[in-house]
Amino acid sequence: MKISDVKPDIDRLNDVVSKNYPAERIEGIRKLHLNTFMWQGDHIPMALLCADEKNTIHSYPGVEDPLPFFALKVRNLVECASFASDLIPTASLDYFGDCVLPSMLGCAIEMPERGTAVKDAAYVGPWIMPVIEDMKAVWDLEMPGLDAGYCPAALEAAAFFREHLPDNVNLSTIWKIEPFTLAALLRGTDIYTDCFDYPEELHHLLDFCTDLFIMVEKALRRISGHSDTDNVSHWGIVSPGIRLNGDTIINLSPAILREFVLPRWEKLADAFGGPVYTHYCSTYASKGLHLFDAVWDCPYVAGLSTQVGVEYYRENYDTIKDRFVIESGYTGENTPNYFDTVNSADEWAASFSQGGYKSGMLLSYTTRSREHGLGIMRALKRHSIIPE
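This report concerns the structure included in the present document. (Residues numbered from 1 in each chain as written. Predicted model: local features only at pLDDT ≥ 70, side-chain atom pairs only at ≥ 80, totals over all residues. Heavy atoms only, no water.)

1. Examining empty space enclosed by the protein
In this approach a probe as big as a water molecule rolls over the atoms, and the regions it shows empty are the leftover space.
Okay, step 1: Considering all chains together, one arrives at seven cavities of 30 Å³ or more under this definition.
Okay, step 2: One number sums up the size of the second largest cavity: a volume of about 80 Å³.
Okay, step 3: If you trace the second largest cavity, you find it lined by Ser92, Asp94, Ser172, Thr173, Ile174, Trp175, Lys176, Ser233, His234, Arg243, Leu244 and Asn245. (1 Å grid on protein atoms, 1.4 Å probe; cavity = no way out; pocket = protein on both sides within 12 Å on 5 of 7 lines; lining within 4 Å. Points joined across faces, edges and corners; volume = space filled by probe spheres on them.)

2. Quick notes on the pattern of salt bridges
Okay, step 1: Applying the stated criterion to the full structure yields 19 salt bridges.
Okay, step 2: Residue Lys7 pairs with Asp11 through a salt bridge whose shortest N-O separation is 2.9 Å. Here Asp11 and Lys7 lie together in helix 1 (residues 3-20), a separation of four residues that amounts to about one turn.
Okay, step 3: By relative accessible area, Lys7 is classed as partly exposed at 43%.
Okay, step 4: Here Asp340 makes a salt bridge to Arg368, at a shortest N to O gap of 3.6 Å. (Salt bridge = Lys/Arg side-chain N within 4 Å of Asp/Glu carboxyl O. Helix = DSSP H or I, 4+ residues; strand = E, 2+ residues; numbered from the N terminus. Buried < 20%, exposed > 50% of the residue type's maximum accessible area, 1.4 Å probe, protein only.)

3. Observations regarding the sheet that holds strand 9 (residues 276-279)
Okay, step 1: Reading across the sheet, the six strands line up as 1-12-11-10-9-8 and stay open at both edges, with parallel pairing between neighbours. Looking along the sheet, the strands with just one partner apiece sit at the ends: strand 1 (46-50) and strand 8 (243-245). If you compare each strand with its neighbour and ignore which way they point, the axes differ by 20° on average.
Okay, step 2: Here strand 10 (residues 301-305) runs beside strand 11 (residues 325-328); their pairing, made up of three bridges, is parallel. By the bridge assignment, Leu304 is partnered in strand 11 with Ile326.
Okay, step 3: The sheet contacts of helix 2 (residues 23-37) involve strand 9, strand 10, strand 11 and strand 12 (361-367), and relative to strand 12 the element is tilted by about 125°. (Pairing = 2+ DSSP bridges. Axes fitted to C-alpha atoms, helices over the stretch in contact; angles between N-to-C directions. Contact = heavy atoms within 4.5 Å.)

4. Here we look at helix 6 (residues 179-187)
Okay, step 1: Of all the nine residues making up helix 6, nine are buried; the element is thus mostly covered by neighbouring parts of the structure.
Okay, step 2: Taken together, the buried positions of helix 6 are Pro179, Phe180, Thr181, Leu182, Ala183, Ala184, Leu185, Leu186 and Arg187.
Okay, step 3: Along its buried surface, helix 6 packs onto helix 4 (100-104), strand 4 (127-129), helix 7 (191-197), helix 8 (199-224), strand 8 and helix 9 (254-271).
Okay, step 4: Taking the backbone nitrogen of Phe180 as reference, a side-chain oxygen 3.1 Å away marks Glu178 as the first, capping residue of helix 6. (Polar contact = N/O pair within 3.5 Å; in protein donor to acceptor, adjacent residues only side chain to side chain.)

Without other data, these values stay purely geometric and don't point to any function.
Structure, rendered in structure tokens:
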């Protein structure tokens, strides 16, 4: 494959974004998102992405060559932009998964097999093998350079994407794994007992991970065209501070979260211009609602992002109103499936609209086709969740 093979799709993307997202619409979406974080939005935003099966990469190409993933992103973005939903049209480097930062510190990285099909690049990421066997070794850690591990590949990919994407398409960076989650990748499951057995070493490791995160994210932002305070997630959602990924935090008690996690989020809030909001995966069996209780009144945490967030929003509306924001709507195993079909989207919208909710939550979902996405948009408009 050559970049010339993707040129017709790049031109299509430019055309559909120019049509559905002129400059004034982009500015309006930015304002809507930021107003949502202040509970001043005029409707609940829906960021609707697409991972169309017809665009599937039939054999995993590895992360060294950005072109196959760039082509996949462009083709899916053409469909995504056709929905004209409440997002900033955005490509991202999420196909690196969580591997960039751990690889810089010597973790072995196990890539998916070459025959693995890729429909949505965000969900085929590499496996990371822990590298820290003795917590006393953290005192000897040295900050790597930007030439370590897979960081050069990520920097090159950012430059490649930015060079070939239309100017009216935003570029987000790699998964933004928050420091405790990064430390868990480096250490493995022993990190949970380290909270009690090696607290000083763990604090040191978390500070180190925070500094590494900031260094790499700022380097990628310089290439992708973002300032340190211009925060747009891979969903195309604008936020006052950075959006983090932190699946590991669901395993922590509120007390452990406050002691070991929140001080690093505060540092990231300072580094990127505003309060963070963080994603963790949840199921009905493991909702992680204790995390909301731990952070909802924290001044440098704007909100949480999780599958069961819609239920939390509705059940705790009076408590969190004007103080805390939820991102939700996407689904996973054993979680709500509001938008799996157009009919289920219509049923959910009919029910949700009865609450008269206007702000404090952002919806996000990845559709499986253009027709699926357009049907969801019609259902949301029919019940006045989003305006015509």
